[in-house]
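Secondary and tertiary structure notes
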Amino acid sequence: MTKFLQLAVVGISTGSAFALVGIGMVLIFRTTNIVNFAQGAFAVIGGLVMVGLVDDMHGIVAGTLAVLLVALIGALIGVIAVGFRTRTTPLASLIITLGLALLASSLNLLAFGDRPHTYPTIFERAWNIGGVLVQPQFVIVVGVTVLAALLLTLGLQRTIAGQALVACADSRRAAELVGINVRAVAAIAFAVSAALSALGWVLLTPIDPVNYDSDVRIAINGFAAAAFGGLVSIRLALVGGLALGLAEQLIVGYAPGQARQYELAAALVILLVLIGWRSRHEAVE
Amino acid sequence: MTTRLLPLGRLGATLAAGAFAIWLAYQLEPGSRALFTLMGLYAIVAIGLSLLMGFAGQISLGQGAFYGLGAYTAGILVVGLDPDERLVNPEAGISPLLALAVAPVLTAAVAAVVGVALLRLRGHYLAFATLALHLILLAVLFAQARFTGGQDPGLAVIKGLDIFGWEVTGILGATPRLTALVWGVVLVTLLLALNLVRSRAGRALQAIATSERTAAAAGINVSAYKLRLFVLSAGLAGLAGGLYVFLLQFLSPDAFPIFLSIQFVVMVAVGGLGSVYGAVFGAVAITWLEDELRELGTRPELLGFELPDQAPQVFSVGVFALILIVVILFFPRGLLPALVAGARRLQRRATAAR
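Here, residues in each chain are numbered from 1, in the same order as that chain's written sequence. As a convention, the first chain written is A and the first ligand written is 1, with the rest following in written order. Given that this is a predicted model, residues contribute local features only at a pLDDT of at least 70 and side-chain atom pairs are listed and counted only at 80 or more, while totals for whole chains, interfaces and linings are drawn from all residues. Values shown for side chains rest on all heavy atoms present in the structure; no hydrogens or waters enter the calculation.

**Some details on the overall build of chain A**
Keep this limit in mind: Secondary structure elements are taken from DSSP: a helix is a run of H or I of four residues or more, a strand is a run of E of two residues or more, and numbering for both begins at the N terminus. Restricting the calculation to C-alpha atoms gives the radius of gyration, and the globule rule supplies 2.2 Å times the number of residues raised to the power 0.38. Any residue under 20% of the maximum accessible area for its type is buried, any over 50% is exposed, and the rest in between are partly exposed; the area is computed with a 1.4 Å probe on protein chains only. Pairs of residues are marked as contacts when any of their non-hydrogen atoms sit within 4.5 Å. Note that accessible areas follow from Shrake-Rupley with a 1.4 Å probe, and for residues the cover is restricted to the protein chains shown. When charges are counted, Lys and Arg contribute as positive and Asp and Glu as negative, whereas His and the chain ends are disregarded. All charge positions are set by atom: Lys at NZ, Arg at CZ, Asp at CG, Glu at CD.
Secondary structure summary: chain A contains eleven helices and two strands in total. Going from the N terminus to the C terminus, chain A shows its helices and strands as α-α-α-α-β-β-α-α-α-α-α-α-α. Computed over the C-alpha atoms, the radius of gyration of chain A is 19 Å, within 12% of the 19 Å expected from 2.2 N^0.38 for a compact globule of 285 residues. With respect to the principal axes defined by its C-alpha atoms, chain A has extents near 60 × 45 × 35 Å. The proportion of buried residues among the 285 residues of chain A is 56%. Excluding contacts between residues fewer than 6 apart, the proportion of contacts in chain A whose partners are at least 24 apart in sequence is 76%. Of the roughly 11900 Å² that chain A leaves accessible, carbon and sulfur atoms contribute 68%. On chain A, the mean spot of the 15 positive side-chain charges and the mean spot of the 13 negative ones are 10 Å from each other.

Below is the structure:
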């Protein structure tokens, strides 16, 4: 039972980080119609910059700087990915974000080298609840994720600015006609979702080291979480991310011997099944 | 309808270019011949992907997985399914020619299973699912090391290809026969793809590429056509992978990184989405460029800067990323078509000025 609870705690924390990535993808998709492949790169840059800074300053300052830096990079990527009105289709935007993610990973390789990076957790103590070890950052990442999901859901539905953001995805032309600057909207949406992904891995790097090429794995897991809600539901993206994180940890913990090597493969099979299941719900374009 | 066949002039030019490629296979040095063979293999993959991206409006980030799956299918069938018997009995497997035939069939079948649900959805689902497929393949290759050879020792395929007495051996372009065979396959693929584009199915595909809604309204089964294209592109990748076995006669997961799948997308972006000739051009250009970049990256220093160990990888990944971004941003139909159109415009302006 203790083993199960311990796995569940770790699974829910990593699942929250996947959910943060997924929620970011939903935010971008709902406001710009772009599926952002570079979402994994945001997480990786956040984690790597944190590792680089944390030795020289207080952990909270380092984390804030890392998240702000990634938000800036996110805004820049958003402006590029949205492209031009007449010739950049959503699929073209996806390929552009794929290119940007590649570019980021090659720069990360140059700057940080080819090895997994991590840092010792900045919190001095962890709670021991009946034999289950709970690290403070587990709680923080779950809290941040739930809060972000709540605020974004309310923000998009209940505020004028949120409605303006969503309007852009419905019709770019119409949104521009009423004076909404689509490029600025993309920059904001990308910056916010970049900050969320970065925050997830700033917190998670001590238990899940990042390498320059971790972005593919993170992007796929985040996409799976987002796809659970058809790329439009923030709430379902949260559920999807948590379920995915839990499933992965339980497979690692309980699968016999060799099957453990299939952690990633199993998660991806779950993803394929999820997407297949979604396909019966989503209308054909 | 006579539109099914290529115009005679274009058919002649294509055949002549194919004959030239095969002639070239016999003229090159072994080193460049190996590179030339690889260009041909990638061209086969790129033709399939170009049709998929150009006509179905779908993008597959898993063509490298289908290529790898084809290679491992052929390789394992040649050395034998039983890992223990492989070691003692060189005749444990089936005939290389038969194994080569199975490779595209199996990859196409996998694509059909995966594609049937995904191709009813919008493009991004297939993109991520095929990428997941690539990661699954790599995980299985490593996890089932006893069966696949894994990273170490890898899978050595000693037996060469024997096509009814015509022996195709020669590792890394040592002899020209494999190169000639590969470019022969490129030529056949090219002609088939060109005729496909001009057939009844091709007209349906062109309608789909213009507007899926209109095509569906005209009674075209859009998702069935997309599925067929996806299966075809996977089968072509599997065939190329099967042929690749006989180039190196050695397989390891290293040869099929995620980046390979993305490289195929870059080839199509450069050659033009849906352009069959362009795919061959893109494959040749990108493979050549990658070779040059690797050579540049392995130098100890460049322009006075000392190069780190990862330089070859940083160079090729970074440069291809930039190519992909710039081409799709400014010439979303592809670089080559844009260049051709630009040249025509200049020519027209020159004629008008005269």
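**A few points about the pattern of salt bridges**
Where we set the bar: Just to be clear on terms, a salt bridge is a Lys or Arg side-chain nitrogen sitting within 4 Å of an Asp or Glu carboxyl oxygen.
Here the structure, examined in full by the defined rule, presents three salt bridges over all chains. Of the charged contacts in the structure, one is a salt bridge between A:Asp208 and A:Arg217, with a shortest N-O distance of 3.5 Å. With relative accessibility at 16%, the residue A:Asp208 sits in the buried group. Residues B:Lys226 and B:Glu212 are paired through a salt bridge, measuring 2.9 Å at the closest nitrogen-oxygen approach. You can see B:Lys226 sitting in helix H11 (residues 222–248) and its partner B:Glu212 sitting in helix H10 (residues 212–217), a full 14 residues away along the chain.

**Considering helix H6 (residues 123–143) of chain B**
Helical periodicity: at 3.6 residues per turn, an α-helix aligns residues three or four positions apart in one direction. To be explicit about the condition: Given a helix with a known number of residues, its expected span is that number minus one, times 1.5 Å.
Between its terminal C-alpha atoms H6(B) stretches 30 Å, which fits the 30 Å expected from 21 residues at 1.5 Å a residue. Burial within H6(B) is extensive, with 19 of its 21 residues counted as buried.

**A word on the environment of B:Thr148**
Residue and element names in this part refer to chain B. What counts is decided by this rule: We define a polar contact as two N or O atoms separated by no more than 3.5 Å, with the added condition that, inside protein, one atom must be a possible hydrogen donor and the other a possible acceptor, whereas residues neighbouring each other in sequence contribute only through side-chain atom pairs.
Take Thr148: it is sitting in helix H7 (residues 145–148). Spatially, the C-alpha atoms of Thr148 and Leu81 are 9.4 Å apart, while their sequence positions differ by 67 residues. At 2.8 Å, the side chain of Thr148 forms a polar contact with the backbone oxygen of Leu141.

**Comments concerning the packing of aromatic side chains**
All names here are of chain B. Stated precisely, the cut-off is as follows: Two rings from Phe, Tyr or Trp (for Trp, the six-membered ring) form a pair when their centres are within 6.5 Å of each other. A pair whose planes differ by under 30 degrees is stacked, one over 60 is edge-to-face, and the rest are tilted.
The tally for this structure, following the rule as stated, stands at 15 aromatic pairs over all chains. Summarising the aromatic geometry, the rings of Phe36 and Trp183 are spaced 4.8 Å apart at their centres and angled 15 degrees between planes, so their arrangement reads as stacked. With Phe36 in helix H2 (residues 30–55) and Trp183 in helix H8 (residues 177–198), this pair connects stretches of sequence that are 147 residues apart. Phe36 sits in the buried class, given a relative accessible area of 10%.

**Some points on the nonpolar core**
The cut-off we apply is this: To define a nonpolar core, start from buried Ala, Val, Leu, Ile, Met, Phe, Trp, Tyr and Cys residues and group those joined through side-chain atoms within 4.5 Å.
In terms of nonpolar packing, the biggest core is built from 192 residues, with A:Ile220, A:Phe223, B:Leu41, B:Ile59, B:Tyr67, B:Tyr244 and B:Leu324 touching the most fellow members. The element contributing the most residues to this core is H2(B), with 16 residues. With residues up to four places along the chain from it excluded, the contact list for B:Tyr67 reads B:Leu38, B:Leu41, B:Tyr42, B:Val45, B:Ala237, B:Ala240, B:Gly241, B:Tyr244, B:Phe256 and B:Leu260. Core analysis: the next-biggest nonpolar cluster, separate from the first, contains ten residues, A:Ala17, A:Val21, A:Ala43 and A:Leu48 among them.

**Concerning unusual backbone geometry**
Even without glycine at this site, A:Leu231 takes up a positive phi of about 70 degrees. Looking at where A:Leu231 falls in the secondary structure, it is placed in the loop between helix H9 (215–228) and helix H10 (234–254). With relative accessibility at 1%, the residue A:Leu231 sits in the buried group. The phi dihedral of B:Gln249 falls on the positive side, at around 50 degrees, and the residue is not glycine. Looking at where B:Gln249 falls in the secondary structure, it is placed in the loop between H11 and strand S4 (250–251).

**Considerations on a nonpolar patch on the surface**
All names here are of chain A. Using the following cut-off: A residue counts toward a patch only above 30% relative accessible area and without a salt bridge, and it is joined to like-charged neighbours within 9 Å or, for Val, Leu, Ile, Met, Phe, Trp and Tyr, to nonpolar neighbours within 5 Å.
A surface patch of nonpolar side chains, about 440 Å² in accessible area, is lined by Met1, Phe4, Leu5 and Tyr254. With respect to the element layout, Tyr254 can be found in helix H10. A relative accessible area of 44% means that Tyr254 is categorised as partly exposed.

**Focus: the interface of chain A and chain B**
So the rule is basically this: When two components associate, each loses some accessible surface as probed by a 1.4 Å sphere; the sum of these losses over both components is called the buried area. Note that Gly is not counted as nonpolar here; it falls among the polar residues with everything else outside the nonpolar set of Ala, Val, Leu, Ile, Met, Phe, Trp, Tyr, Cys and Pro and the charged set of Asp, Glu, Lys and Arg.
Chain A puts 48 residues into the contact, and the matching count from chain B is 43 residues. Roughly 4200 Å² is buried in total at the junction of chain A and chain B, and carbon and sulfur atoms are behind 78% of that figure. Linking chain A to chain B there are zero salt bridges. Linking chain A with chain B are one residue pair in polar contact (both at pLDDT 80 or more), by the criterion used here. Counting only elements with at least two residues in the side of chain A that touches chain B, the list comes to helix H1 (2–32), helix H4 (90–112), H9 and helix H11 (263–279) of chain A. When residues in the side of chain A that touches chain B are grouped by element, the largest group, 14 residues, is from H4(A). Split into classes, the residues belonging to the side of chain A that touches chain B amount to 33 nonpolar, eleven polar and four charged.

**Thoughts on the packing of helix H12 (residues 258–271) of chain B against helix H13 (residues 276–297) of chain B**
Residue and element names in this part refer to chain B. Which entries qualify depends on this criterion: Orientation is described by axes fitted as lines to C-alpha atoms, over the contacting stretch for helices, and by angles from 0 to 180 degrees between their N-to-C directions. Angles are sorted into four bins: roughly parallel if under 35 degrees, roughly antiparallel if over 145, roughly perpendicular if 65 to 115, and oblique for all others. Two helices that cross are described as forming a left-handed crossing if the nearer one is turned anticlockwise from the farther one by less than a right angle, and a right-handed crossing if clockwise.
With their axes 7 Å apart at the nearest point, H12 and H13 run at an angle of 125 degrees to one another. Taken together, the axis directions place H12 and H13 in an arrangement best described as oblique. For the pair H12 and H13, the crossing hand works out as right-handed. Contacts between H12 and H13 involve Gln263, Val266, Met267, Val270 and Gly271 from the first element and Gly278, Ala279, Phe281, Gly282, Ala283, Ile286, Thr287 and Glu290 from the second. Split by residue class, the contact of H12 with H13 holds seven nonpolar, five polar and one charged.

**Focus on H11(B)**
Residue and element names in this part refer to chain B. When the terminal C-alpha atoms of H11 are compared, their 40 Å separation across 27 residues agrees well with the 39 Å that a helix rising 1.5 Å per residue should span. Taken across its 27 residues, H11 has 19 buried, putting it largely inside the fold. Phi turns positive, to about 50 degrees, at Gln249, one or two residues after H11.

**Some thoughts on the side chain of A:Ser233**
Among the structural elements, A:Ser233 can be located in the loop between H9 and H10. A polar atom in the side chain of A:Ser233 sits 3.0 Å from the backbone nitrogen of A:Leu236.

**As for the packing of helix H2 (residues 39–53) of chain A against H4(A)**
Residues and elements named next belong to chain A. Following both chains from N to C, one finds H2 and H4 inclined at 20 degrees, their axes separated by 10 Å at the closest point. The angle between H2 and H4 falls in the class roughly parallel. Here H2 runs over H4; the crossing is left-handed. On H4, the residues that touch Ala41, Val44, Ile45, Leu48 and Val49 of H2 are Ala101, Ala104, Asn108 and Phe112. When its residues are assigned to classes, the contact of H2 with H4 shows eight nonpolar, one polar and no charged.

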